[in-house]
Amino acid sequence: MIAVIGASGQQGGAVVRALRAHDQYHVRALSRNPSRHLDLGHEVHKADLNQPGGLEAAFTGAYGVFLVTNFWEQGADEIMQATAAIRAAKRAGVRHLIWSTLPNVEEISGGKYNVPHYTGKAKVDAIIREAGFEHHTFVIPPMYYQNLTGPLAPQKQADGSLGWALPLDPGVRGIHMGDINEIGHIVAGAFADPGRAGNGEYLPLVGDFMSFDDIIRTLNSQGHAFSFAQVQDEAFPAEIAQTFRYFQEYTYLGSPSLDQIDLAIRIAGREPSTFSAWAATNFPVASR
């Protein structure tokens, strides 16, 4: 049995779907509103990271737990939420915990960049290592391809074109990207093979490594006519601007991470989708 936090969200939902595709897993989907999601898992239980008193019961009987938190949720304290869940999982006898983390930007940049929505997750890694689970794994989501049709969708520019204006050198390859719906394959593979992927391994989902010029070139080759303008940091909230600066100087993952990426692909048992393949299906060309 695997208990999945945030089963109705993007990452948790991807994990539920991947686990349910295999007969070896019994999925306990956890949600703050289980009555709205009765068909998510083999069973659906209530769990709220802001109400830690109920977490141990939600984890009881589970071999594994997939844990993810949402920095952008109003009032969320990721370290507090994750710590409560880790302690509850340990008390419940969970043997394998998989945590969705991100790079420690402050550590990688020597304090140059302050990106709490990355570093807050990274600080949880040590808490998991110290908890003493029989197995633990760190998965790293990429910059979602889906962001480019969602919060980072192209906007109308001053010159009338449709495209992006960001505080980023578009010629620098620094963005590890992927289809977030595919993170479930890595998680399912890690639960199935703890000998290779349950000893503190970091498993990033990476379908492509691109510059913004690469992104635009790919989309425009498929019939779009997008533009890009590099703007000053002041045009964006400080944390977002520093995130892009960090990508430019250190890359999304903070290092090449080739061995980790290769292991993640082997654990998933399949190659992740390239941006070109994903965009061809999910980024329709607007009719003129």
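Everything below is about the structure shown above.
Asker: I keep staring at the overall build of the protein chain and nothing clicks. Help me out?
Answerer: Counting its regular elements, the protein chain contains eleven helices and 13 strands. Computed over the C-alpha atoms, the radius of gyration of the protein chain is 19 Å, within 12% of the 19 Å expected from 2.2 N^0.38 for a compact globule of 288 residues. Across its three principal directions, the C-alpha atoms of the protein chain cover 60 × 40 × 35 Å. A total of 288 residues make up the protein chain; the buried ones form 53% of that total. At a minimum sequence separation of 6, the contacts of the protein chain that also span at least 24 residues come to 75%.

Asker: Sorry, what's going on with the packing of helix α8 (residues 212-221) against helix α11 (residues 275-282) here?
Answerer: Any two packed helices are characterised by the angle at which their axes cross and by the distance between the axes. Running from N to C, α8 and α11 point in directions that differ by 45°, and their axes come no closer than 10 Å. By the angle between their directions, the pair α8 and α11 is classed as oblique. Relative to α11, α8 is oriented so that their crossing is right-handed. Across the interface between the two elements, I215, T218 and L219 of α8 pack against F275, S276 and A279 of α11. For the contact of α8 with α11, a count of residues per class yields four nonpolar, two polar and no charged.

Asker: Looking at this structure, how should I read the sheet that holds strand β6 (residues 135-140)?
Answerer: Strands pair in a sheet through their backbones, by hydrogen bonds, and they do so in one of two ways: parallel or antiparallel. The strand order across the open sheet built from seven strands is β3-β2-β1-β4-β5-β6-β11, with neighbouring strands paired in parallel fashion. Two strands lie at the open edges of the sheet, namely β3 (43-46) and β11 (199-204), each paired on one side alone. Averaged over all pairs of adjacent strands, the angle between strand axes in this sheet comes to 20°, irrespective of strand direction.

Asker: Quick question: what am I supposed to make of the sheet that holds strand β9 (residues 162-166) here?
Answerer: With respect to topology, three strands assemble into an open sheet ordered β8-β9-β13, the strand pairing being mixed. The sheet is open, and its two edges are formed by β8 (155-156) and β13 (226-230), each paired on a single side. For β8 and β9, the ladder comprises two bridges, and the chain directions are antiparallel. Paired with K156 across the bridge in β9 is L162. The sheet contacts of α8 involve β9 and β13, and relative to β13 the element is tilted by about 165°.

Asker: Even after reading the chapter, I still don't get the environment of T119, so can you show me in this structure?
Answerer: On the secondary structure map, T119 appears in helix α5 (residues 116-131). Here the alpha-carbon distance between T119 and A62, two residues 57 residues apart in the chain, equals 29 Å. Each residue touching T119, except ones within four places of it in the same chain, is listed here: P103, N104, V105 and E106.

Asker: Looking at this model, I keep getting lost on helix α1 (residues 10-20). Mind explaining?
Answerer: An α-helical turn contains 3.6 residues, so any two residues separated by three or four positions project in the same direction. Extensive coverage of α1 is indicated by the burial of eight of its eleven residues. Within α1, the full set of buried residues consists of Q11, G12, G13, A14, V15, V16, A18 and L19. Taken together, the buried residues of α1 touch β1 (2-4), β2 (27-31), β4 (64-67), β5 (96-100), β7 (143-144) and α6 (183-192).

Asker: Sorry, what's going on with the pairing of β9 here?
Answerer: Both faces of the sheet carry side chains from a regular strand, because those side chains alternate between them. Linkage of β8 to β9, two consecutive antiparallel strands, is achieved through a turn of five residues, within which G160 is found at a positive phi near 90°. By the bridge criterion, five bridges tie β9 to β13 in an arrangement that is parallel. From the neighbouring strand, L166 faces β13, where its bridge partner is Q230.

Asker: So what exactly am I meant to see when it comes to the side chain of N104 here?
Answerer: Here N104 shows up in the loop between β5 and α4 (105-108). The exposure class assigned to N104 is buried, which follows from its relative accessible area of 18%.

Asker: Would you mind showing me how to read helix α3 (residues 78-91) here?
Answerer: An ideal rise of 1.5 Å per residue puts 20 Å on 14 residues; α3 measures up with 20 Å between its terminal C-alpha atoms. All buried positions along α3 are accounted for by E78, Q81, A82, T83, A84, A85, I86, A88 and A89. Packing partners of the buried residues in α3 comprise α2 (55-59), β4, β5 and α5. Of the residues trailing α3, G93 is marked for its positive phi of about 85°.

Asker: How should the pairing of strand β10 (residues 175-178) be read in this particular structure?
Answerer: Here β10 shows a buried face lined by I175 and M177 and a second buried face lined by H176 and G178. When β7 meets β10, the two strands line up parallel, connected through two bridges. Bridge pairing in β10 links M143 to M177. Direction of pairing for β10 relative to strand β12 (residues 208-210): antiparallel, over a ladder of three bridges. Bridging across to β12, M177 finds its partner in D208.

Asker: Can you help me understand the environment of A14 in this one?
Answerer: Topologically, A14 is positioned in helix α1. The buried category is assigned to A14, whose relative accessible area is 2%. A sequence separation of 241 residues divides A14 from S255, and the C-alpha atoms of the two residues are 26 Å apart. When neighbours within four sequence positions are excluded, A14 is seen to be in contact with G9, I180, N181, I183 and G184.

Conventions and cut-offs
Residues numbered from 1 in each chain as written. Predicted model: local features only at pLDDT ≥ 70, side-chain atom pairs only at ≥ 80, totals over all residues. Heavy atoms only, no water. Helix = DSSP H or I, 4+ residues; strand = E, 2+ residues; numbered from the N terminus. Rg over C-alpha atoms; globule rule 2.2 N^0.38 Å. Buried < 20%, exposed > 50% of the residue type's maximum accessible area, 1.4 Å probe, protein only. Contact = heavy atoms within 4.5 Å. Axes fitted to C-alpha atoms, helices over the stretch in contact; angles between N-to-C directions. Parallel < 35°, antiparallel > 145°, perpendicular 65-115°, else oblique. Left-handed = near helix turned anticlockwise from the far one by under 90°. Nonpolar A, V, L, I, M, F, W, Y, C, P; charged D, E, K, R; others polar. Pairing = 2+ DSSP bridges. Expected span 1.5 Å × (residues − 1).

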